[in-house]
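Listed below are the residues making up each chain.
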Amino acid sequence: MMISDIQKKIIELKKEKNAVILAHSYQAKEITEIADETGDSYALSVAASRYKDCDAFIMCGVHFMAETVKMLSPDKRVFLANEHAGCPMAEQMDPVMINQIKEKEPDRTVVAYINTTAALKTVCDVCVTSSTAVKICKKINNNKILFIPDCNLGNYVSKQLPDKDIMLLQGGCPVHSAVKLCELEAAKKRYPDALVLVHPECRPEITEAADYVGSTSGIMDFAKKSEYKEFIIGTEISITEHLQYECPEKEFYNLSKEIICPNMKLTTLIDVYKTLQNIDNGNAFEIKMDNELITKAKACIDEMIRLGG
Ligand code: 13P
Ligand code: SF4
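The shown structure was predicted, so the numbers you read here are calculated from the model rather than taken from an experiment.

**Observations concerning the packing of aromatic side chains**
Within this structure, the stated rule accounts for four aromatic pairs. Note on Tyr212 and Phe222: the rings are 4.5 Å apart at their centroids and 20° apart in plane angle, and the pair reads as stacked. With a gap of 10 residues between them, Tyr212 in strand S10 (residues 212-213) and Phe222 in helix H11 (residues 216-225) connect regions that are remote in the sequence. Between Phe231 and Phe252, the ring centres sit 5.3 Å apart and the planes meet at 15°, which makes this aromatic pair stacked. Of this pair, Phe231 sits in strand S11 (residues 230-234) while Phe252 sits in strand S12 (residues 251-254); the two residues are 21 residues apart in sequence, bridging distant segments of the chain. For Phe231, a relative accessible area of 0% puts it in the buried group.

Here's what the structure looks like:
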């Protein structure tokens, strides 16, 4: 079967099952092509909550993203297309550890990057995404913040908001934090006319040397709207490919060929097809969360939305 044959079958099946396919921007092109919504983690969950009449969501992304959709649309069935796709950063810290820190630092507002498990969100006060982190932290009515788990994103936020006292822990994305300054310098030397666009999960020396820092959607929007013609992309290499398709008249280069998220790469078109086929027989991976967990974990997402995130 050709890719386009499976895509056609998926489109038929999703109509038959009244399902909506959500694809994070790091997914392969053959998946984003059949998705109803594509975007960064925040855009996807907000978009999902607008589908009032569907029966199910299929998330092509990682586990915490499917959990977020479930929290925002608890009456819908939510499936993760590949059950093994998790985000290692989301698993780095657990509620017991954060509660211990809270006991020592009781006057801090605990800010959780959305790349966290629902269990961890239950002990946090407000959620942020890479596209809303600075805006939300600025609006928090407390200068003392504990920002978890990503110390690179937290560091970027604290540089933008010097008046805030932001406590960080050692956590972060193993993929983005592996990007090296020497790679950025080599790319700039090779492509001197290119702008450098990076994700805030990169280390401080990378974000400081960049021309633009933003979420996956932020990077894509910036590149599309920019009058510049060449860009060095400092996030998952799929974004470079998507941008090249969308703007064939511009040139996009990978900051490093090693910015590959193995978890985001797990999901295949066949996974999406099989999830749809198995949606009613118990063989698809459904996100199950009890109401108490949803209520407790969702409080910090609601707070993010209240603060305008
Ligand atoms: P975005 O919110 O920018 O989509 O980031 C999610 C992510 O996992 C990036 O590594
Ligand atoms: Fe998690 Fe990093 Fe992969 Fe994003 S790129 S899903 S933060 S491991």
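That covers the picture; the talk isn't over yet.
**Quick notes on the sheet that holds strand S1 (residues 19-24)**
Taken in spatial order, the four strands of this open sheet run S2-S1-S3-S4, and their pairing is parallel. Either end of the sheet is taken by a strand with one partner, and the two such strands are strand S2 (37-39) and strand S4 (77-80). Each strand axis lies, on average, 20° off the axis of its neighbour in the sheet, ignoring direction. One ladder, built from three bridges, connects S1 with S2; its direction is parallel. Across the sheet, Leu22 pairs through a bridge with Glu37, a residue of S2. Contacting S1, S2 and strand S3 (56-60), helix H3 (residues 41-49) crosses the sheet at an angle of about 155° to S2.

**Describing the site of ligand 2**
Taken together, the neighbourhood of ligand 2 is formed by Tyr26, Cys87, Pro88, Met89, Asn115, Cys173, His176, Glu201 and Cys261. Classifying every residue of the shell around ligand 2 gives six nonpolar, two polar and one charged.

**With respect to unusual backbone geometry**
Of note, the bond from Ile148 into Pro149 is cis; its omega dihedral lies within 30 degrees of zero at -15°. Inspection of the secondary structure puts Pro149 in the loop between strand S7 (144-148) and helix H8 (151-160). We note that Asn18 has phi near 55°; this positive angle belongs to a residue other than glycine. Mapping Asn18 onto the fold places it in the loop between helix H1 (3-16) and S1. The partly exposed category is assigned to Asn18, whose relative accessible area is 31%.

**So, the pairing of strand S9 (residues 195-198)**
The two faces of S9 match: Leu195 and Leu197 on one face and Val196 and Val198 on the other face are all buried. Both S9 and S11 contribute to a ladder of four bridges, which runs parallel. Paired with Val198 across the two strands is Gly234, which belongs to S11. The pairing of S9 with S10 spans two bridges and is parallel. Across the sheet, residue Leu197 finds its bridge partner in S10, namely Tyr212.

Criteria and thresholds
Residues take numbers from 1 onward in each chain, read along the sequence in its written order. The naming scheme follows written order: chains are lettered A onward, ligands numbered 1 onward. The predicted nature of this model means local features are confined to residues of pLDDT at least 70 and side-chain atom pairs, given and counted, to a pLDDT of 80 or more, with totals for whole chains, interfaces and linings taken over all residues. Remark: hydrogens and water are excluded; side-chain values derive from all non-hydrogen atoms of the structure. Paired rings are identified among Phe, Tyr and Trp, the last through its six-membered ring, by centres lying within 6.5 Å, and are further divided according to the angle between planes into stacked (under 30 degrees), edge-to-face (over 60) and tilted (the rest). Each helix corresponds to a stretch of at least 4 residues labelled H or I by DSSP, and each strand to a stretch of at least 2 residues labelled E; elements are numbered beginning at the N terminus. Remark: exposure states derive from per-residue accessible area (1.4 Å probe, protein chains only) relative to the maximum for the residue type, with buried under 20%, exposed over 50%, and partly exposed in between. At least two DSSP bridges between two strands are required for those strands to pair. Interaxial angles span 0 to 180 degrees and are taken between N-to-C directions of axes, which are lines fitted to C-alpha atoms, for helices over the stretch in contact. When checking whether two residues touch, look at their non-hydrogen atoms; a contact exists if any pair is within 4.5 Å. One heavy atom within 4 Å of a molecule or strand makes the whole residue count as near it. For this classification, the nonpolar set comprises Ala, Val, Leu, Ile, Met, Phe, Trp, Tyr, Cys and Pro, the charged set comprises Asp, Glu, Lys and Arg, and every other residue, Gly included, is treated as polar.

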